[in-house]
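# Geometric and topological summary
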Amino acid sequence: GRAALRACGVHNVCRLLSRRAHGFYARDAGVAHRKNLGLLRKIMCQESTKFKNVWTTHSASPIAYERGRIYMDNYQCCISSIAQEPRILYQKSKCAKSEKIEDALLLECPLGEMLPSPSDYKASLIVLTVQNWLLRLSADSGEVLEKVYLAGSCCKFFRYLSWDTPQEVMIVKSAQNKLPAAARQAGIQQSVLFYLAVFQVLPLSFIGMLEINKKIFGNSVTDVAVSNGILIVMYSMGLVRLYNFKAILEQFMEQPFDLGQEFNWNGQVGVVGKYPFGLPCNIKITDTPPLLFEASSLENAFQIGGYPWHYIITPNKKKHKGVFHICSLKDNALAKNGIQDMKCCSLEPDWIYFHPDMSGRIIHVGPNLIKVLKLKEVKNHADQMEIAEDFTIVANRENCVNNTVTVTASGRVVKKRFTSLDDDPEQETFKIVDYEDELDLLSTVAVTQIGADGRAHLDFHCNEHGILLKSIPLKESWDVTYSHEVYFDKDLVLHIEQKPNRRFSCYVYQMVCDTAKDDD
């Protein structure tokens with residue numbers, strides 16, 4: 001480090017790190033990759049570069065996309081979208097209803113770690129079946145690499161997969177435990193609401209299983225989640241409580257178990273992760289854990305981010321829907337200009353979230369306006385923060401005239417009894433905002449629908465300043481009443497549409513560089 005500092009004449013560690021991040025040092029392993037991505041971004045934003053619709057498919061079952069792979073037929077068919085034209089990687093025979101996949105996560109190899117099996121160095125898919133099997137499949141062939149049976153005598157309904165720490169610690173959550181109506185009428189009480197199974201991944205190892213119990217966390221619990229070492233418990237009255245999940249595992253662990261280990265647990269003898277015993281519930285919370293933080297928010301909407309740490313809530317009253325308060329996590333103080341309200345008159349509400357680029361900024365999206373906000377110190381008050389506007393992106397509504405009073409050709413004055421909504425389909429409206437981290441681009445999808453024909457375009461904006469760099473028209477019609485997902489992944493754009501009666505469509509666009517002016 002000192003040699004590098006002397007060689008380039010840099011005497012400040014912060015400047016050295018900044019120069020390294022920008023690829024000034026040829027021996028840095030990431031320099032070539034960063035340069036290539038920089039070139040790809042320049043090529044992509046050139047006027048001559050276009051995105052061509054190279055493939056379209058339709059399905060009667062949901063379509064999913066993960067890192068260059070399109071999954072269809074309940075993950076039985078995998079299609080690579082990286083090739084010049086999408087091609088099938090594998091196609092399995094149709095599975096029985098008992099083998100239906102409920103949820104899936106893509107697992108990628110960690111850098112710089114020695115792993116026990118050669119297959120661990122390739123991408124794999126973790127899937128959860130309706131019969132409570134956790135399977136690790138090869139992402140390229142669909143081959144079953146590992147299988148774990150989850151449900152012993154304690155739980156029969158595992159349904160959800162999520163990351164606690166991305167690509168490191170995984171949570172398998174059960175559906176909410178509900179007694180049959182006959183049992184409730186008979187006065188039988190059910191105190192366990194959810195089960196959480198915790199796994200370390202690559203190599204796949206069992207950490208423990210715990211239950212979320214009414215007797216510990218209260219009767220009005222509606223949902224739980226785990227993220228970044230925090231147990232998040234949500235209540236029916238809008239209350240959100242945070243607990244230290246790692247401390248809970250350490251404090252209430254009764255006995256550790258390894259997958260494949262023989263065990264004798266509460267009178268049961270079996271093998272951990274094998275049928276029919278599954279996993280033991282070896283973490284028993286016997287007392288309410290220390291509370292880290294709690295807040296009350298409409299519909300349990302609660303987010304943490306920024307620097308220094310702040311959180312975003314909506315006051316817990318229906319009249320405040322669409323109003324967001326940005327407060328300090330340290331002392332709950334409302335930031336200066338911390339009440340964000342677009343005063344939208346729309347069918348769909350605006351939404352707000354911390355920018356995924358880890359800059360600490362905040363993105364607030366309304367029907368015709370996107371605000372990128374930043375936290376900064378109040379002048380002469382270093383201990384107080386304020387919300388300032390970094391940049392805005394405005395929908396193109398130049399030709400929109402919304403007069404409440406019009407005059408007919410005969411001179412008669414006509415007054416409208418209502419004004420159009422901010423998200424009127426006939427006006428350009430933002431529907432999706434996303435961030436492409438490898439190219440550092442902010443992408444937006446804006447839609448205009450006139451009659452039955454809706455037109456959408458995907459725009460790329462400079463993430464630092466919000467400048468429009470490129471606009472890509474989507475060829476297919478866009479119906480605003482349908483559900484849509486749009487993925488922008490380096491040189492690929494993928495649009496998944498869900499129509500009524502469970503009809504799904506997938507449209508794949510790939511980047512083509514063509515100096516000729518053609519219709520593509």
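Conventions we followed
Residues numbered from 1 in each chain as written. Predicted model: local features only at pLDDT ≥ 70, side-chain atom pairs only at ≥ 80, totals over all residues. Heavy atoms only, no water. UniProt positions renumbered as here; feature names shortened; annotations may be inferred. Helix = DSSP H or I, 4+ residues; strand = E, 2+ residues; numbered from the N terminus. Pairing = 2+ DSSP bridges. Axes fitted to C-alpha atoms, helices over the stretch in contact; angles between N-to-C directions. Contact = heavy atoms within 4.5 Å. Core = buried A, V, L, I, M, F, W, Y, C linked by side-chain atoms within 4.5 Å. Buried < 20%, exposed > 50% of the residue type's maximum accessible area, 1.4 Å probe, protein only. Phe/Tyr/Trp six-rings, centres within 6.5 Å; stacked < 30°, edge-to-face > 60°. Expected span 1.5 Å × (residues − 1). Salt bridge = Lys/Arg side-chain N within 4 Å of Asp/Glu carboxyl O. Disulfide = S-S within 2.5 Å.

Under an unreviewed UniProt entry, the name given to the protein chain is DCA17 factor, and the source organism is Machaerirhynchus nigripectus.

Turning next to the UniProt feature "transmembrane region" (unreviewed entry) in the protein chain. This chain's UniProt record puts "transmembrane region" (unreviewed entry) on residues 192-212 and 224-243. Counting secondary structure, residues 192-212 comes out at 0% helix and 81% strand; the distance between its end C-alpha atoms is 6 Å. Helix and strand shares over residues 224-243 are 0% and 75% respectively, and the end C-alpha atoms of the span are 11 Å apart.

A separate point is the sheet that holds strand β19 (residues 291-296). A sheet is described by the order of its strands in space; here four strands give the open sequence β14-β15-β16-β19, paired in antiparallel fashion. Pairing within the sheet leaves two strands with one partner each, and these edge strands are β14 (221-227) and β19. When the angles between neighbouring strand axes are averaged without regard to direction, this sheet yields 20°. Here five bridges tie strand β15 (residues 230-235) to strand β16 (residues 239-244), and the two strands are oriented antiparallel to one another. Of the residues in β16, the one forming a bridge with I232 is L242. Contacts from helix α6 (residues 245-252) reach β14, β15 and β16 within the one sheet, and its direction differs from that of β16 by about 55°.

This part takes up the environment of Q384. Structurally, Q384 is set in strand β27 (residues 381-394). Sequence-wise, Q384 and K336 are 48 residues apart; in three dimensions their C-alpha atoms are separated by 7.8 Å.

Attention shifts here to the nonpolar core. In this structure, L134, L150, F158, M170, V172, F199 and L279 are the most contacted members of the largest nonpolar core, which totals 30 residues. Among the secondary structure elements, those contributing two or more residues to this core are β6 (101-107), β7 (124-129), β9 (144-149), β10 (158-165), β11 (169-174), β12 (192-200), β13 (205-213) and β17 (262-265). If you tally residues by element for this core, the top one is β12, at four residues. If sequence neighbours within four positions are ignored, M170 has contacts with L105, I126, L134, L161, S162, W163, A197, V198, F199, V201 and L204. Grouped together as the second largest cluster of nonpolar side chains are 24 residues, I171, Y235, Y243 and I283 included.

With the rule as written, the count across this model stands at 13 aromatic pairs. Considering the side-chain rings of F263 and F277, the 6.4 Å spacing of their centres and the 85° angle between planes classify their relative orientation as edge-to-face. Taken as a pair, F263 in strand β17 and F277 in the loop between β18 (268-271) and β19 lie far apart in primary sequence, 14 residues in all. You can call F277 partly exposed: its relative accessible area is 27%. Considering the side-chain rings of F460 and F488, the 4.1 Å spacing of their centres and the 15° angle between planes classify their relative orientation as stacked. In this pair, F460 is assigned in strand β32 (residues 453-462) and F488 in strand β34 (residues 483-489), connecting sequence segments 28 residues apart. Each member of the pair, F460 as well as F488, carries the same accessibility label: buried.

What follows concerns the side chain of S297. Inspection of the secondary structure puts S297 in the loop between β19 and β20 (302-305). Owing to a relative accessible area of 0%, S297 belongs among the buried residues under this scheme. Excluding anything up to four places from it in sequence, S297 contacts G238, I313, T314 and N316.

This next bit is on the pairing of β13. Looking down a regular strand, the side chains alternate between one sheet face and the other. Counted residue by residue, β13 has seven buried out of nine residues, so it is predominantly covered. Both β12 and β13 contribute to a ladder of eight bridges, which runs antiparallel. Within β13, the residue paired with V192 across the bridge is N213. Following β12, the chain reverses through four residues before pairing antiparallel with β13; L202 in that reversal takes a positive phi of roughly 50°.

Here the focus is helix α3 (residues 31-44). Two residues of an α-helix separated by three or four positions point the same way, owing to the 3.6 residues in each turn. The end-to-end C-alpha separation of α3 is 20 Å, in line with the 20 Å expected for 14 residues at 1.5 Å each. What α3 keeps buried is the set V31, L37, L40 and M44. On its buried face, α3 is in contact with β1 (49-59), β31 (441-450), β32, β33 (468-473), β34 and β36 (503-513).

Turning our attention to the environment of L468. Tracing the backbone through its elements, the reader meets L468 in strand β33. Classification of L468 by relative accessible area gives partly exposed; the value is 47%. On a C-alpha basis, the gap between L468 and S443 in space is 9.6 Å, while along the polypeptide they are 25 residues apart. Excluding anything up to four places from it in sequence, L468 contacts D459, F460 and H461.

The next point concerns unusual backbone geometry. In the segment running from L202 into P203, the intervening peptide bond is cis, with an omega of -5°. Along the chain, P203 falls in the loop between β12 and β13. Following Y307, the chain continues into P308 via a peptide bond in cis, with omega recorded as -5°. Positive phi values are uncommon outside glycine, yet K343 reaches one of about 55°.

Our next topic: the pattern of salt bridges. Across all of its chains, the model carries 17 salt bridges by this definition. A salt bridge links D140 to R69, with the nearest nitrogen and oxygen atoms 3.1 Å apart. Placement of the pair is D140 in the loop between β8 (133-138) and β9 and R69 in strand β3 (residues 69-72), with a sequence separation of 71 residues. Residue classification places R69 among the buried positions, given a relative accessible area of 14%. K490 serves as the salt-bridge partner of D489, at 3.9 Å between the closest nitrogen and oxygen. With a relative accessible area of 16%, D489 lands in the buried category. Members of the salt-bridge network, linked through shared partners, are D357, R361, K374 and D390.

A word on the state of the cysteines. Among covalent bonds in proteins, the disulfide is the one between the sulfur atoms of two cysteines. Throughout the structure, instances matching the rule amount to zero disulfides. Lacking any disulfide linkage, C462 is separated from the closest cysteine sulfur, that of C45, by 9.4 Å. Owing to a relative accessible area of 10%, C462 belongs among the buried residues under this scheme.

Spatially, the four strands line up as an open sheet ordered β2-β3-β4-β5, and their pairing is antiparallel. The sheet is open, and its two edges are formed by β2 (64-66) and β5 (87-91), each paired on a single side. The mean inter-strand angle of the sheet, taken between neighbouring strand axes irrespective of direction, is 25°. Bridging between strand β4 (residues 77-80) and β5 involves four bridges; their strand directions are antiparallel. Of the residues in β5, the one forming a bridge with I79 is I88.

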